[in-house]
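Overview (structure and organization)
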Amino acid sequence: MSRRLVLCAALAATLPLAGCTATTTTTPPRSPSMRLVAFDSCAQLEAELKRAAKENVGPYGFPGSAMMPEAVALGGARTMADGAAGKAPAPAPAYSGTNNHEQDADEPDIVKTDGRRIVTVDQGTLRVVDAATRRETGRLALPLETAGGPVELLLSGNVALILAPGGMGRYVMHKRMPMNEGPQVLSVDLTDKPRIVSRYRGEGNLVDARLTGGTARIVLRTSPRITFPATARFDDEKDLVNANRSAIDLADVNAWLPSWEVTTANTTRKGRADCGRVSRPTDFSGGSLVSVLTFDLSKPELGSGDPVTVVADGDTVYATGNSLYLASDQRWRLDRFPGRAALPVRQETDLYRFTVTGHQPPVYAAAGTVPGFLINQYALSEWDGHLRVATTNQEAGKSAIRVLSQDGDKLKQTGVVDGLGKGEQIYSVRFIGPRGYVVTFRQTDPLYSLDLSDPAAPKVTGELKITGYSAHLQPAGEGRLIGIGQEADGTGRVQGTQVSLFDVSDPAKPRRLAQHRIPGGQSEAEWDPHALLWWPATKLLVVPVSAYSIEGGTMTDGALALQVGDGGVTQVAMLQQPAIRRSLVIGDVLWTLSDSGLRASQLSTMEKIAWLPTR
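Residues numbered from 1 in each chain as written. Predicted model: local features only at pLDDT ≥ 70, side-chain atom pairs only at ≥ 80, totals over all residues. Heavy atoms only, no water.

Side note on empty space enclosed by the protein
Taken as a whole, the largest cavity encloses approximately 120 Å³ of empty space. Taken together, 14 residues form the lining of the largest cavity, with Thr-120, Arg-127, Leu-593, Leu-598 and Thr-614 sitting closest to its centre. When contributions to the lining of the largest cavity are tallied by element, the ones reaching two or more residues are strand 3 (117–122), strand 4 (125–130), strand 41 (589–594), strand 42 (597–602) and strand 43 (608–613). Looking at the lining of the largest cavity residue by residue, the class counts come to five nonpolar, five polar and four charged. (1 Å grid on protein atoms, 1.4 Å probe; cavity = no way out; pocket = protein on both sides within 12 Å on 5 of 7 lines; lining within 4 Å. Points joined across faces, edges and corners; volume = space filled by probe spheres on them. Helix = DSSP H or I, 4+ residues; strand = E, 2+ residues; numbered from the N terminus. Nonpolar A, V, L, I, M, F, W, Y, C, P; charged D, E, K, R; others polar.)

Given below as structure tokens:
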């Protein structure tokens, strides 16, 4: 289960649909622009963190901590250059990569390929498969005592970077979690047999990561190391709040600053984030810090990551080859226990832009605030010097697309198109060059087509109303868009997975060309686009699905291979492999990955030609 699935499941359990229950209290006015500022000193950082933390701590800890009811949310050193010595390898065949948001910012996943080898990480083991011989050539048991969630990887040359997310929170009530439950980053050399070269241990949990060139940027969120009194000592929640505030008073600034340790060969170094590199927005909870680490994967040692830290509660990362954005909203205020700041949940999202260059740490560039909440990173898109942002404001009962531009150190609105899907919420967004597509849903699915070519005057150009909704929109060539989601009846009750092919060549008249339904079905691709394979060369779409038939009492589990063209959406095959998670193409072979193993199928016929079980 991916980090995105974990978050979606948490949101589904605690929030209606994709948003948050809006408070009826009128939202206080706020400046339309905001900025990050550094603290003048460590003493000021400590004082401000304590003030905010005491305002927002409740009887059971900080908002978003793992036990809170509102929680949602080494061998010898070797460089990449060493592995490149000797005879140059033959050119790799054409292959599919991870289904990323942006082509120049690779995202972590459970499988990666460079066209020659397939690298997977699952059940605590890294495996390397030679794509040409279809044989496993390497295996490494990962020393992850407690991963705290799904383990993923990034691949750069002969280096696999393993990312273990850590727990939801480090200090919960009176229990102190051990160091090994924090996030870990492992640099694994794949030149010969896989071996760990360097290992980074941090605190908190992994938010997300991106790889540009040979540089990985890892985003971590940490909670302060404050041990709160045991709840059994108190009968009254107000007494608990007061006791927790007293515990905050006793803490010093080091309780908030995240620590780290790096082990390379037989040497371990330890350190802590520098309070001089911590910045703050206008409003924050005091219960979380977000740090961006930078790792040059051509170096044998990971190092400290040279963290850049913001006092924020962000959990959405969007990146291009030149920018990295962090998004933070006010949903941490959802808790209504006594002691929290008596403020309504602002229907707002703060956005921080950092520029990224080479192997250097990100440099803060600008920040801004928009009304409403994001659904995921696809609600953000940088194009032609502007940032497009799609949000739903539940308090106002509508959604909007805003275009922002950088003016000094501020992200300022240059244009807006508002009033999308009144009484509904955004379910998916896709920006493609000067155009945008938004799906909102309550009972029916309006697919909006937008013209964003003029940043000062974005506008809706067309609308298509159909039943059900698309949870992910996949570009499929000029004027074509594929929607993966759920069919629904006229009342909005979902009925199973559907794949829709949309013709968006005429901005004024988007239309659905074809639909393929899987009654009673669900697909991981609905909440994690990495699970979807789109292979433009043959117009092949592979969607993992599981479906249960109540009438027949049968379970269908595998991957649906579909041929997508103007003539319709045609089922090519149903690959019978339980719990397929990912699909990829290398040359003329389709590979499907599940917990039980890797299957190789002939791309043209879908005939099985190899099976590599997980042992």
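Some points on the state of the cysteines
Formally, a disulfide is one covalent bond, and it connects the sulfur atom of one cysteine to the sulfur atom of another. Counted by the stated rule, this structure contains one disulfide. Between the sulfur of Cys-42 and that of Cys-275 lies a disulfide, 1.6 Å long from S to S. (Disulfide = S-S within 2.5 Å.)

Let's talk about the packing of helix 2 (residues 42–56) against helix 4 (residues 237–250)
Working note: a packed helix pair is described by the angle between its axes plus the distance between those axes. Viewed as axis vectors pointing N to C, helix 2 and helix 4 meet at an angle of 170°, and their least axial separation amounts to 9 Å. Compared by their axis directions, helix 2 and helix 4 come out roughly antiparallel. Residue-level inspection shows Lys-50, Ala-53 and Lys-54 of helix 2 in contact with helix 4, the latter providing Arg-245, Ile-248 and Asp-249. Considered class by class, the residues forming the contact of helix 2 with helix 4 number two nonpolar, no polar and four charged. (Axes fitted to C-alpha atoms, helices over the stretch in contact; angles between N-to-C directions. Parallel < 35°, antiparallel > 145°, perpendicular 65-115°, else oblique. Contact = heavy atoms within 4.5 Å.)

Some words on the nonpolar core
By size, the foremost hydrophobic cluster in this structure holds 24 residues, and its most contacted members are Leu-351, Leu-387, Val-389, Ile-401 and Leu-450. Elements with a contribution of two residues or more to this core: strand 20 (323–329), strand 22 (363–371), strand 24 (386–393), strand 25 (398–407), strand 26 (410–420), strand 27 (425–432) and strand 29 (444–451). Grouped together as the second largest cluster of nonpolar side chains are 21 residues, Phe-39, Ala-251, Val-253 and Val-278 included. (Core = buried A, V, L, I, M, F, W, Y, C linked by side-chain atoms within 4.5 Å. Buried < 20%, exposed > 50% of the residue type's maximum accessible area, 1.4 Å probe, protein only.)

Structural notes on the layout of surface pockets
Counted as a void, the second largest pocket has a volume near 1000 Å³. Of all the elements in the fold, those that place two or more residues in the lining of the second largest pocket are strand 2 (111–113), strand 6 (152–156), strand 23 (380–383), strand 27, strand 31 (469–475), strand 36 (533–535) and strand 40 (580–586).

What to know about helix 4
For helix 4, spanning 14 residues, the distance from its first C-alpha to its last is 20 Å, which sits close to the expected 20 Å at 1.5 Å a residue. Residues of helix 4 that are buried include every one of Leu-240, Val-241, Ala-243, Asn-244, Ala-247 and Ile-248, and no others. The buried residues of helix 4 occupy an angular sector of 165° when projected down its axis, which confines them to one face. Exposed residues lying more than 90 degrees from the buried face of helix 4 are Lys-238 and Leu-250. If you follow the buried residues of helix 4, they end up packed against helix 2. (Expected span 1.5 Å × (residues − 1). Arc of directions from axis to C-beta.)

Here we look at the sheet that holds strand 42
The strand order 40-41-42-43 describes an open sheet built from four strands, whose pairing is antiparallel. Unpaired on one side and paired on the other, strand 40 and strand 43 mark the two borders of the sheet. Shown here is a sheet whose adjacent strand axes are inclined to one another by a mean of 15°, direction ignored. Summarising the sheet, strand 42 and strand 43 pair through five bridges and their orientation is antiparallel. Within strand 43, the residue paired with Leu-598 across the bridge is Leu-612. (Pairing = 2+ DSSP bridges.)

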